[in-house]
Amino acid sequence: MSIGAFARAARLSPKALRLYGELGLLPPAHVDPVNGYRRYAPAQLERARLVAWLRRLGMPLARIRDVCELAAGPAAEAVSAYWAQTEADTAARRELAAFLVDHLKRKDEAMTDMSTTAPRPERRPLPLGIRYAALSDTGLVRESNQDTAYAGDRLLAVADGFGGAGASAGAAAVEALRGLESFDGGTLRPGDLLNVLADAAGQANRSVRGVVTAADADHAGTTLTALLWTGSHLALVHVGDSRAYLLRGGGLFQITHDHTHVQSLVEEGRLTPEEAESHPQRALLFRALDGSDGVEPEVGLREARPGDRYLLCSDGLSAVVSSDAVREVLGAAPGPGRAVRDLVALAHEAGAPDNVSCVVADVVTDVPVGGSTDVPVGGGTDVAMGRGTDVLTDGGTDVSAAT
């Protein structure tokens, strides 16, 4: 077939065919050595049409080349994983766009107020702060705890390590973010704030690389879900299947996207959420901090409102406790300390087959200088980071790290 006929049949332009030929993605079957005319075999149409459709999805050419070399089953899984990642990235950008629209509208309103000569009543927003508690528990089956839970006046984080160096990887990732406790988010523009968070996540990934390399551990790494308090917003960084939830107005909303193969099947309609809960590959991650290059965590911003309650948790909770039960406990608990204890108790009632870690934070008004203390509910050790033992943080008291 001539290049023109092949292009029409494949729904590709001759220009695109020349590019794909130069890249080795779709080389012609024959090139005339005299006039350079390119000819294609009809058997190449199936690959050409696949390339065309993958380009419609926005898949990069290098990734298309890899997919085209796979058998049908693995190729389908690769496309599924790509689309799940694309949807997660789109959701994160949607939230960022909504924040920026709101931010720019407020800026415009402020400039309009300044340009008018008539005096306007001064609008002073209520000072906001957070009350927080964190609890990490080994569970009823595992012999050791590979989770890390952290809560401080600015940073809230949960990491769920996996592999031979999982516990150290999770602790290293959270430790890399703890430098954010000292920064002043109020002086940064939204884009700068997200850059700070993305840079910190990159440092966390490099720290994980150091741990995994030193331990000579294959297939080791960690999830990471963290919120950074700025005084009026919570900035989110997320990779893996640990989760962040928001309880607002009695409704519970999952504000993170699971980076798992099973979640991509749910989004494609190939599994129901109920089927996903018992799927044998429900813990198979396609994105995590494992020290490899190219890991891009989700980042986003959420406006804080008085009365909001946030939950960060490892899948040791979300995989065994229903969202309805989580919502009931979060709605009934008088404070974060009671909430984390009751959530871990729920996981125990469900058998607690995995480590369980929870961080709960309330957005409150009229916060005293130095933070607000949530009184511990029965027992527990006042610590800022838990790893390898059952620990509780209640803030904002001045607490130390557990090693």
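Residues numbered from 1 in each chain as written. Predicted model: local features only at pLDDT ≥ 70, side-chain atom pairs only at ≥ 80, totals over all residues. Heavy atoms only, no water.

A.B. asks: Any chance you could explain the pattern of salt bridges here in plain terms?
C.D. replies: Side-chain pairs of opposite charge can arise whenever the charged atoms involved come near each other. The final tally for this structure, using the stated rule, is 9 salt bridges. Taking the shortest distance from any N to any O, the salt bridge between arginine 309 and aspartate 362 comes out at 2.6 Å. Of the two residues, arginine 309 is situated in strand β12 (residues 309-313) and aspartate 362 in strand β13 (residues 356-365); the sequence distance between them amounts to 53 residues. For the pair shown, arginine 309 and aspartate 362 are each scored as buried. Across the salt bridge formed by arginine 327 and aspartate 324, the nearest N and O atoms sit 3.0 Å from each other. Residue arginine 327 and its partner aspartate 324 are located together in helix α11 (residues 323-332), separated by 3 residues, close to a single helical turn. (Salt bridge = Lys/Arg side-chain N within 4 Å of Asp/Glu carboxyl O. Helix = DSSP H or I, 4+ residues; strand = E, 2+ residues; numbered from the N terminus. Buried < 20%, exposed > 50% of the residue type's maximum accessible area, 1.4 Å probe, protein only.)

A.B. asks: What should I look at first to understand helix α3 (residues 45-56) in this one?
C.D. replies: Count 3.6 residues to each turn of an α-helix, and residues three or four apart come out pointing the same way. The terminal C-alpha atoms of α3, which comprises 12 residues, lie 16 Å apart, in line with the 16 Å expected from a rise of 1.5 Å per residue. When α3 is considered as a whole, its buried residues turn out to be Leu45, Ala48, Val51, Ala52 and Leu54. (Expected span 1.5 Å × (residues − 1).)

A.B. asks: Can you help me understand the packing of helix α1 (residues 3-10) against helix α2 (residues 14-22) in this one?
C.D. replies: How two helices pack is summed up by the angle between their axes together with the distance between the axes. Where α1 meets α2, the axes come as close as 9 Å, and the angle between the chain directions of the two elements is 100°. In terms of their interaxial angle, α1 and α2 are classed as roughly perpendicular. Between α1, through Ile3, Phe6 and Ala7, and α2, the contact on the second element is made entirely by Pro14, Leu17 and Arg18. The class makeup of the residues in the contact of α1 with α2 is 5 nonpolar, no polar and 1 charged. (Axes fitted to C-alpha atoms, helices over the stretch in contact; angles between N-to-C directions. Parallel < 35°, antiparallel > 145°, perpendicular 65-115°, else oblique. Contact = heavy atoms within 4.5 Å. Nonpolar A, V, L, I, M, F, W, Y, C, P; charged D, E, K, R; others polar.)

A.B. asks: Can you help me understand unusual backbone geometry in this one?
C.D. replies: Leave glycine aside and you will find that most residues have negative phi; peptide bonds, for their part, are mostly trans. Positive phi is not limited to glycine here, since arginine 11 has a value of about 60°. With respect to the helices, strands and loops of the structure, arginine 11 is situated in the loop between α1 and α2. A relative accessible area of 71% means that arginine 11 is categorised as exposed. A positive phi angle, near 40°, is found at alanine 352, a position not held by glycine. Mapped onto the fold, alanine 352 is located in the loop between α12 (336-349) and β13. With relative accessibility at 0%, the residue alanine 352 sits in the buried group.

A.B. asks: Would you mind going over the side chain of glutamate 298 with me for this structure?
C.D. replies: One can find glutamate 298 in strand β11 (residues 298-303). Of the side chains with opposite charge, arginine 287 lies nearest to the buried glutamate 298, which makes no salt bridge, at 5.0 Å. Engagement of the side chain of glutamate 298 in a polar contact is seen with the side chain of histidine 259, the distance being 2.7 Å. (Lys, Arg positive; Asp, Glu negative; His and termini not counted. Polar contact = N/O pair within 3.5 Å; in protein donor to acceptor, adjacent residues only side chain to side chain.)

A.B. asks: I'm lost on the side chain of histidine 238 in this one. Help?
C.D. replies: Tracing the backbone through its elements, the reader meets histidine 238 in strand β8 (residues 233-239). The exposure class assigned to histidine 238 is buried, which follows from its relative accessible area of 0%. Separated by 2.8 Å, the side chain of histidine 238 and the backbone oxygen of histidine 257 make a polar contact. With sequence-adjacent residues up to four places away left out, histidine 238 is seen in contact with Leu224, Thr225, Thr256, His257, His259, Pro297 and Glu298.

A.B. asks: Explain α11 here, please?
C.D. replies: By the burial criterion, the buried members of α11 are Val326, Val329 and Leu330. For α11, the arc enclosing every buried residue in end-on projection is 95°, short of the 170-degree limit, so these residues lie on one face. Opposite the packed face of α11, turned more than 90 degrees from it, sit the exposed residues Glu328, Gly331 and Ala332. Along its buried surface, α11 packs onto β9 (243-248), β10 (251-254), β12, α10 (315-318), α12 and β13. (Arc of directions from axis to C-beta.)

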